[in-house]
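# Summary of the model geometry
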Amino acid sequence: MVFPVRGLLGIEYYLVYAIILEDVETSTSITYYIDSNTGDLICAENVSNHASMNGTVTGYIFPEHSTDSKVQEGWDIGTVSAGSYHDETTGTGYYDITVPSTGSYTVTASLESDHLRIVDYSGPELSHSGLGYTWINHNWSWNNSGTYSAATDDQVNAWYHGTLMYEMFKNSPFNHDMMSQHYFTDYVGDKLTIQVRSDNVTHGYYTAATGKILLGQGTSQTSNPALDNDWIYHEMGHAVYYSIMDSNYYSYGGGDFSTIKEGLSDYWACTINNDSQVLEVSKPSSARDLDNDLVSGEDCLGSENTLYCVSQIFGGALWDIRQLLGSSISNNLIFESLFDDAVIIEDFLDVLLVNDDIYYGDGDGTVTTSTPHIDDILYAFGDHGYYPATAS
């Protein structure tokens with residue numbers, strides 16, 4: 001083509017090649033005009049004609065238990081695509097994809113992100129594919145507010161609460177991304193998996209060997225663990241602990257370590273819900289209440305000497321710290337103490353005190369009477385028989 005250029009002596013004409021390059025990531029189109037004789041670049045012109053494909057993704061979830069009324073939430077699902085263009089949703093579910101021109105695009109998404117996937121053992125995984133137009137918002141909901149549907153509600157609820165807890169630990173103040181731990185991903189792979197409607201699983205459990213949280217269907221909607229965030233948060237708590245403990249998660253076996261694992265997982269479920277009880281709706285026979293007066297060596301004896309009774313004592317000590325110090329300080333102290341491989345309850349107490357001095361005291365990790373919260377921590381544990389209560 002002939003390309004005119006204004007020079008010092010007036011208009012000059014060049015025979016040029018016009019080469020158009022498009023950057024799919026930024027939806028930018030640039031035309032480069034190349035002198036056909038010399039190969040020199042004469043000029044470049046941004047010829048992008050950008051348009052926007054946007055909308056909001058929502059879903060209906062059970063806030064805590066399946067007996068709650070569903071509420072509509074904005075959906076942080078990760079990536080929404082419009083053809084070969086994409087955008088990450090915000091926490092409210094809004095996306096805004098820059099596309100090269102006005103028109104129609106196929107909008108797609110799934111309940112899968114760079115860190116978490118949902119698998120439905122009994123049916124297909126949810127996905128969205130619909131024709132959208134740049135001149136109108138393309139909104140959708142993963143499910144509806146009406147009658148319970150196992151094919152959709154189990155996946156939606158597990159995704160929402162699983163993502164919520166994952167993001168809680170990934171962001172401040174914890175700043176712990178499970179999927180950045182290489183020894184965790186050696187077992188788990190590239191994503192943590194939550195499997196709903198699992199076969200031969202009545203309730204739920206976490207298996208570190210495969211990195212899967214398996215949630216059954218219960219014996220009714222009320223007992224369905226995928227619809228009770230206590231189950232989801234508790235099992236996610238195991239995954240968090242495993243991502244920190246590495247292979248030691250297996251080697252320590254039972255005893256105090258099992259008590260600590262279960263008590264911690266109950267604590268995270270309770271602190272997220274700001275509710276001291278877990279499983280009181282979906283499995284009352286195994287319900288725990290961390291706001292308790294149980295004492296080690298005095299309670300949970302004989303026929304009541306079960307793991308979940310004993311772990312309720314340890315969880316009660318952690319909950320008492322939260323009640324005395326507030327969730328911000330207690331969460332930080334408890335989380336940081338996970339990194340010290342304390343698998344005996346008394347050692348866990350010592351680690352809590354050391355971290356209290358490091359994060360809230362003079363920072364040298366030496367526990368003294370001036371360690372800021374020593375009285376409250378000792379009192380919380382002592383009240384449950386783990387250490388003499390020295391505070392009044």
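Calculation criteria
Residues numbered from 1 in each chain as written. Predicted model: local features only at pLDDT ≥ 70, side-chain atom pairs only at ≥ 80, totals over all residues. Heavy atoms only, no water. Helix = DSSP H or I, 4+ residues; strand = E, 2+ residues; numbered from the N terminus. Rg over C-alpha atoms; globule rule 2.2 N^0.38 Å. Buried < 20%, exposed > 50% of the residue type's maximum accessible area, 1.4 Å probe, protein only. Contact = heavy atoms within 4.5 Å. Areas by Shrake-Rupley, 256 points an atom, 1.4 Å probe, with all protein chains shown as cover. Disulfide = S-S within 2.5 Å. Salt bridge = Lys/Arg side-chain N within 4 Å of Asp/Glu carboxyl O. Patch = residues over 30% accessible without salt bridge, like charges linked within 9 Å, V, L, I, M, F, W, Y side chains within 5 Å. Phe/Tyr/Trp six-rings, centres within 6.5 Å; stacked < 30°, edge-to-face > 60°. Polar contact = N/O pair within 3.5 Å; in protein donor to acceptor, adjacent residues only side chain to side chain. Axes fitted to C-alpha atoms, helices over the stretch in contact; angles between N-to-C directions. Left-handed = near helix turned anticlockwise from the far one by under 90°.

## Some points on the overall build of the chain
Within the chain one finds nine helices and 18 strands. Rg of the C-alpha trace for the chain: 28 Å, well past the compact-globule value of 21 Å for 392 residues, more than 25% over. The buried share among the 392 residues of the chain stands at 51%. The contacts of the chain with a sequence gap of at least 6 include a subset with a gap of at least 24, amounting to 56%. Accessible area for the chain stands at about 17,400 Å²; split by element, carbon and sulfur atoms hold 48% of it.

## Side note on the state of the cysteines
Summed over the entire model, instances satisfying the criterion amount to one disulfide. With its sulfur 1.9 Å from that of its partner, C300 forms a disulfide with C309. With the S-S bond torsion at -75°, the cross-link from C300 to C309 turns out left-handed. C309 carries the same exposure label as C300, and that label is buried. Counting only cysteine sulfurs, C309 is the nearest neighbor of C270, a cysteine outside any disulfide, at a range of 15 Å.

## As for the pattern of salt bridges
Two side chains with opposite charge may pair up if their charged atoms get near one another. Throughout the structure, instances matching the rule amount to five salt bridges. For R288, the salt bridge goes to D266, with nearest N and O atoms at 2.8 Å. Here R288 is found in strand β18 (residues 288-289), whereas its partner D266 is found in helix α5 (residues 256-273), with 22 residues between them in sequence. On the accessibility criterion, R288 (5% relative accessible area) is buried. Note on D266: relative accessible area 0%, which makes it buried. Three or more residues joined by partner-sharing salt bridges are found here, namely E112, R117 and K191.

## Side note on a nonpolar patch on the surface
A grouping of V2, I11, Y13 and L15 is seen on the molecular surface, where their side chains present a nonpolar patch of about 430 Å² in accessible area. The biggest single contributor to the nonpolar patch is strand β2 (residues 10-23), with three residues. The exposure class assigned to V2 is exposed, which follows from its relative accessible area of 53%.

## Considering the side chain of T259
With respect to the helices and strands, the residue T259 is situated in helix α5. Residue T259 is classed as buried on the basis of its relative accessible area of 5%. Contact partners of T259, with chain neighbours within four places excluded, come to L307, V310, S311, F314 and I345.

## Focus: the packing of aromatic side chains
The full count for this structure, using the stated rule, is 16 aromatic pairs. With a centroid separation of 4.9 Å and 35° between ring planes, the pair formed by F169 and F174 is classed as tilted. The interplanar angle of 65° and the centroid separation of 4.9 Å between the aromatic rings of F174 and F335 together place this pair among those described as edge-to-face. Highlighted residues: F174 in the loop between α1 (150-170) and α2 (182-188) and F335 in helix α7 (residues 327-337), separated in sequence by 161 residues.

## Comments concerning the side chain of S36
Inspection of the secondary structure assignment puts S36 in the loop between β3 (28-35) and β4 (41-46). One polar contact links the side chain of S36 to the main-chain carbonyl oxygen of L15, over a distance of 2.7 Å. When near neighbours in sequence (up to four residues on either side) are disregarded, S36 contacts L15, V16 and Y17.

## Here's the deal with the environment of S52
Mapped onto the elements of the fold, S52 is located in strand β5 (residues 51-61). S52 sits in the partly exposed class, given a relative accessible area of 25%. Measuring from C-alpha to C-alpha, the distance between S52 and K261 comes to 48 Å, with 209 residues separating the pair along the chain. Residue contacts for S52: discarding those within four places in its chain leaves D96, I97, V99 and T134. Of the polar contacts made by the side chain of S52, one reaches the side chain of D96; its length is 2.2 Å.

## Here we look at unusual backbone geometry
Cis geometry marks the peptide bond from S172 to P173, where omega comes out at 10°. Its place among the elements puts P173 in the loop between α1 and α2. For R197, which is not a glycine, the phi torsion comes out positive at approximately 50°. You can see R197 is positioned in the loop between β14 (192-196) and β15 (204-207). What makes R197 buried here is its relative accessible area of 11%. Residues other than glycine seldom take positive phi values, yet D341 does so here, at roughly 50°.

## Some thoughts on the packing of helix α6 (residues 307-325) against helix α9 (residues 374-382)
Close contact between α6 and α9 brings their axes to 8 Å; oriented N to C, the two are set at 145°. Judged by the twist between their axes, the crossing of α6 over α9 is right-handed. Where α6 abuts α9, its residues F314, A317, L318, D320, I321, L324 and L325 lie against D376, I377, Y379, A380 and F381.

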